[in-house]
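Below, each chain spelled out in residue letters.
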Amino acid sequence: MAAKGFLQIAPGRQVALNGVEWTIEDVQGQLGRLVLVDDDGRSETRSFRWLINHADLRLLPMVEASGRPSPVFLQPRTLADLTEDQLERARLRVAHVLEAETGFREGHPARALPGEPRPAYDPDRTTLTQRRYAKAAETKAMPRPEAVRLGLQHLSYRTLERLAGLSGESLVLACADGRWTRRRSGHRSITEEVREAIFAVKAECGERGRLSLAAKHRLVHQYIRERFPVFPADKIPSRWTIAAVWKEWFGSDGARRRYERTAQAAAEAGVSGRMVVYRPGQVLVLDSTPMPVKLRETVFGDAVTATLTLALDLYTHGLPAFRLTLQSDTSVDIAMLLRDVMLPLPMRDGWGEDMEWPYAGVPADVIAEFTGHRVAALPFFAPETVTTDHGGPYKNHDLVEAEREIGCRILPARVLRQTDKFAVERQFLTVQTMLFEHLLGFTGGDVADRGADPERDASLTLAQTEHVIATWIVQIWQNRKLGEYAPSWAPGEDHSPNTLFAAAMEQGGFDLDFPEPSFYYKVLRKHHVKIHARRGVKILGLWYHHPVFDEPRFGQPSARGGKHAGRWVVRSDRRDRRQVFFQDPADHETWHILRWRGLPPEGEIPAFSDKTADALLTHVKANNIRIHSESELLEHLLEILGSVTPVDQWPSQAKKKAGKKRRVAQAREITRAQAAAADRPAAPAPADEPAPAEMPAVWAEHGRAIDRAVDTDRRRRREEALAGTRPVAPPTLHEALRRRPMFLPPPRDGSKADTRVREDDE
């Protein structure tokens with residue numbers, strides 16, 4: 001047996017030198033040389049120094065007579081391989097060995113226990129040999145159960161002599177029973193035939209549906225029976241042995257077959273692996289969820305459900321932006337959320353100096369000079385990679401184009417794999433426990449945890465809730481202590497999202513890269529259309545016009561080539577269909593607002609979205625209405641908008657006639673139009689472009705606005721019908737009676753009576 005840490009050189013030992021296998025044939029210790037023989041019979045004589053200092057020396061495992069590798073070349077045992085009970089028993093054996101060697105159970109006089117040394121083991125009065133024989137006699141005199149429990153029933157003088165050269169952990173491991181950590185022999189019933197059958201069944205299960213353990217065991221029987229007819233059936237392992245081997249070789253079988261196939265395909269394509277995030281903005285995770293708090297919409301005052309969309313920075317676990325939308329969100333809302341990530345958040349009323357930009361890398365005055373306003377303590381940056389799920393708004397091609405406009409990569413999560421964006425999924429629950437549970441109208445985690453009447457308790461509006469969430473993020477979330485998400489390079493330090501962002505600024509600097517004001521227009525939906533001389537452009541069934549189209553340069557097709565040759569690009573915001581946007585080809589910084597031709601030149605028409613526009617065109621087509629001009633569509637649009645119009649004199653009757661679902665839909669359109677107006681650049685409109693009026697804030701004003709729009713449209717239609725005619729006053733009653741006497745009898749049948757009335761000479 002070679003001592004630990006030494007090279008064992010003996011005849012028959014195999015080594016590999018520069019990849020060539022050699023066998024030590026002879027060892028000449030008195031000369032310090034050895035004889036090496038390769039497989040071809042060629043022999044070389046080398047010195048011990050040459051062998052030990054060889055740059056490419058590798059020891060090959062020694063093979064025993066049984067054909068198995070020697071246990072010497074297994075991974076060494078450690079104290080961690082022993083249980084607490086086994087470790088305690090091994091230490092008791094070590095105490096007996098040390099007492100026989102030194103006279104003290106702890107191995108040194110300075111650590112002597114009470115009553116030590118005992119007379120039979122006193123090092124001043126006894127020799128080492130006497131102490132060893134005394135310990136062997138003591139263990140033999142022990143009661144049999146106690147000796148067996150301690151493992152000292154076979155302790156002899158030779159055993160104590162063999163353990164004398166060990167100390168520390170090596171002595172404890174030598175005193176531990178070898179059966180506790182013996183080498184696993186595997187499953188002897190798993191022969192080569194059974195192994196081949198198991199791998200064949202594994203490959204077959206990857207293409208089939210989910211199979212039970214019993215079915216896999218039958219497939220193993222079937223494979224062996226057909227491939228190896230002479231193999232004894234009773235030698236096939238049992239179902240439980242197959243289950244144990246299956247788990248050892250292939251791991252847990254809890255994954256779904258669909259996900260296993262996609263993971264295997266990704267591994268074969270070389271795209272599997274993990275991404276290491278080490279800077280802010282490297283990965284931005286987006287997700288949406290229904291907000292578990294009922295809100296009050298400001299049009300009819302009904303309790304509604306909003307959708308909360310979060311943007312989470314995976315490095316700092318900060319929330320650089322969020323969006324609240326009434327009911328569901330759209331691709332435009334997600335695109336505007338990405339723009340908010342890149343823009344600094346302005347300070348709001350009621351926010352103190354502790355919520356202002358705190359990062360030392362870039363002073364607050366520099367940021368304020370760029371933006372024109374004071375900036376809150378919320379990081380902003382350009383995202384590099386965006387991870388989303390497979391919801392409708394996230395798969396929209398308009399959002400994908402917006403992400404490309406920003407210059408970020410798109411890394412969609414795998415279908416139904418919550419682990420790909422687990423961080424943002426968990427933050428929704430954290431936000432709920434830290435904020436939403438304290439707000440009135442909280443609905444709970446599910447229907448079973450719902451309050452008695454959360455709709456009655458709802459008191460916050462969408463704008464108020466947005467302000468509360470923004471204040472909470474800047475003041476609390478960005479400064480909270482990170483637990484398991486603390487950085488690996490500072491395990492003993494306390495960090496928050498703000499401090500991690502500040503540390504990243506000191507390490508890599510900070511880039512003041514703001515999106516252009518025209519970014520809003522560039523992320524909108526594109527339409528490639530032709531410009532008609534008098535009507536303008538037709539976008540999704542509606543005509544839009546602007547005086548700039550009367551210029552001669554738009555009297556001919558566009559110079560654009562390619563797939564949309566000869567067409568102009570017009571962009572529309574699906575949240576507000578009253579206008580579309582056209583980029584001037586001569587000045588790319590100028591955007592013209594094209595108003596719908598059905599809008600009256602004066603007055604106000606409430607906002608309507610894609611849904612209402614589709615309902616308008618469907619209504620016209622279903623009723624076979626022939627439309628001669630866009631102005632005639634306005635009457636039908638007002639009928640659709642007025643279906644939920646409240647009456648001033650009957651406010652209670654309005655809620656009875658218009659269902660809540662339709663009222664919420666109308667409130668959603670108004671809220672979305674307000675969000676679209678807030679997202680547009682704040683530059684003033686040109687003089688020839690009348691700015692759209694603000695939306696009414698309450699449901700009564702909204703009803704009056706629709707009534708005024710209907711009256712204005714009817715008045716305009718009457719004036720157009722009577723244009724160019726002179727009004728004539730109707731005749732008086734006296735003149736009418738003189739023209740036709742009231743008591744004149746009717747003429748006879750078939751006679752031609754003169755019905756003319758003679759005027760009296762006066």
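Coordinates for the structure precede this section.
Figured I'd write up the structure that's included with this text.

### As for the overall build of the protein
Okay, step 1: Helix and strand counts for the protein come out as 25 helices and 16 strands.
Okay, step 2: Burial analysis of the protein (762 residues in total) assigns 39% to the buried set.
Okay, step 3: Taking as baseline every contact in the protein between residues at least 6 positions apart, the subset at least 24 positions apart corresponds to 63%.
Okay, step 4: Carbon and sulfur atoms make up 51% of the accessible area of the protein, which amounts to about 45300 Å² in all.

### A look at the sheet that holds strand β12 (residues 537-539)
Okay, step 1: Spatially, six strands are ordered β11-β14-β15-β16-β13-β12 in an open sheet, and the strand pairing comes out antiparallel. At either end of the open sheet lies a strand with only one pairing partner, and these are β11 (525-529) and β12. Each adjacent strand pair in this sheet contributes to an overall mean axis angle of 40°, direction not counted.
Okay, step 2: In this structure, β11 lies alongside strand β14 (residues 568-572), joined through five bridges in antiparallel fashion. Within β14, the residue paired with K526 across the bridge is R571.

### Let's talk about the nonpolar core
Okay, step 1: In terms of nonpolar packing, the biggest core is built from 41 residues, with M291, L295, L308, W351, F436, I469 and V474 touching the most fellow members.
Okay, step 2: Contributions of two or more residues to this core are made by β6 (284-296), β7 (303-313), β8 (321-326), α15 (422-434), α17 (462-475) and α23 (660-679).
Okay, step 3: Of all the elements, α17 adds the most residues to this core, at six residues.
Okay, step 4: Those residues in contact with V474, other than ones at most four positions away along the chain, are L345, W351, M355, A376, A377, L378 and N479.
Okay, step 5: Counting residues in each nonpolar core, the second largest holds 35 residues, with A311, I367, F381 and F501 among its members.

### Topic: unusual backbone geometry
Okay, step 1: Of the consecutive residues E116 and P117, the connecting peptide bond is found in the cis state with omega at -5°.
Okay, step 2: Looking at the secondary structure, you find P117 in the loop between α2 (84-102) and α3 (128-141).
Okay, step 3: Notably, H317 is not glycine yet its phi reads approximately 55°, a positive angle.
Okay, step 4: With relative accessibility at 4%, the residue H317 sits in the buried group.
Okay, step 5: Phi at L540 takes a positive value of approximately 50°, unusual for a residue other than glycine.
Okay, step 6: Here L540 lies in the loop between β12 and β13 (542-545).

### Considerations on the sheet that holds strand β10 (residues 409-410)
Okay, step 1: With respect to topology, five strands assemble into an open sheet ordered β8-β7-β6-β9-β10, the strand pairing being mixed. Here the strands that pair on one side only, and so sit at the sheet edges, are β8 and β10.
Okay, step 2: For β6 and β7, the ladder comprises 10 bridges, and the chain directions are antiparallel. Paired with S288 across the strands is T309, a residue of β7.
Okay, step 3: α15 contacts β6 and β7 of the sheet and is inclined by roughly 25° relative to β6.

### Section: the side chain of H545
Okay, step 1: With respect to the helices and strands, the residue H545 is situated in strand β13.
Okay, step 2: Each residue touching H545, except ones within four places of it in the same chain, is listed here: R534, R535, G536, D550, L594, R595 and R597.

### Some details on the packing of α2 against helix α6 (residues 168-175)
Okay, step 1: Direction vectors running N to C along α2 and α6 enclose 110°, while the axes themselves pass 8 Å from each other. It follows that α2 is roughly perpendicular to α6 by the angle criterion. Here L87, A90, R91, R93, V94, V97 and L98 of α2 come into contact with α6, specifically with L171, V172 and C175.
Okay, step 2: Tallied by class, residues from the contact of α2 with α6 come to eight nonpolar, no polar and two charged.

### What about the pattern of salt bridges?
Okay, step 1: Under the definition given, this model contains 25 salt bridges.
Okay, step 2: Of the charged contacts, one joins R46 and E44 as a salt bridge, the two residues approaching to 3.2 Å between their closest N and O atoms.
Okay, step 3: Owing to a relative accessible area of 23%, E44 belongs among the partly exposed residues under this scheme.
Okay, step 4: With a shortest N-O distance of 3.2 Å, E138 and K135 are connected by a salt bridge. Of the two residues, E138 and K135 are both situated in helix α3; the distance of three residues between them amounts to about one turn of the helix.
Okay, step 5: One continuous salt-bridge network, built from bridges that share partners, spans E99, R105, R118, K135 and E138.

About the criteria used
Residues numbered from 1 in each chain as written. Predicted model: local features only at pLDDT ≥ 70, side-chain atom pairs only at ≥ 80, totals over all residues. Heavy atoms only, no water. Helix = DSSP H or I, 4+ residues; strand = E, 2+ residues; numbered from the N terminus. Buried < 20%, exposed > 50% of the residue type's maximum accessible area, 1.4 Å probe, protein only. Contact = heavy atoms within 4.5 Å. Areas by Shrake-Rupley, 256 points an atom, 1.4 Å probe, with all protein chains shown as cover. Pairing = 2+ DSSP bridges. Axes fitted to C-alpha atoms, helices over the stretch in contact; angles between N-to-C directions. Core = buried A, V, L, I, M, F, W, Y, C linked by side-chain atoms within 4.5 Å. Parallel < 35°, antiparallel > 145°, perpendicular 65-115°, else oblique. Nonpolar A, V, L, I, M, F, W, Y, C, P; charged D, E, K, R; others polar. Salt bridge = Lys/Arg side-chain N within 4 Å of Asp/Glu carboxyl O.

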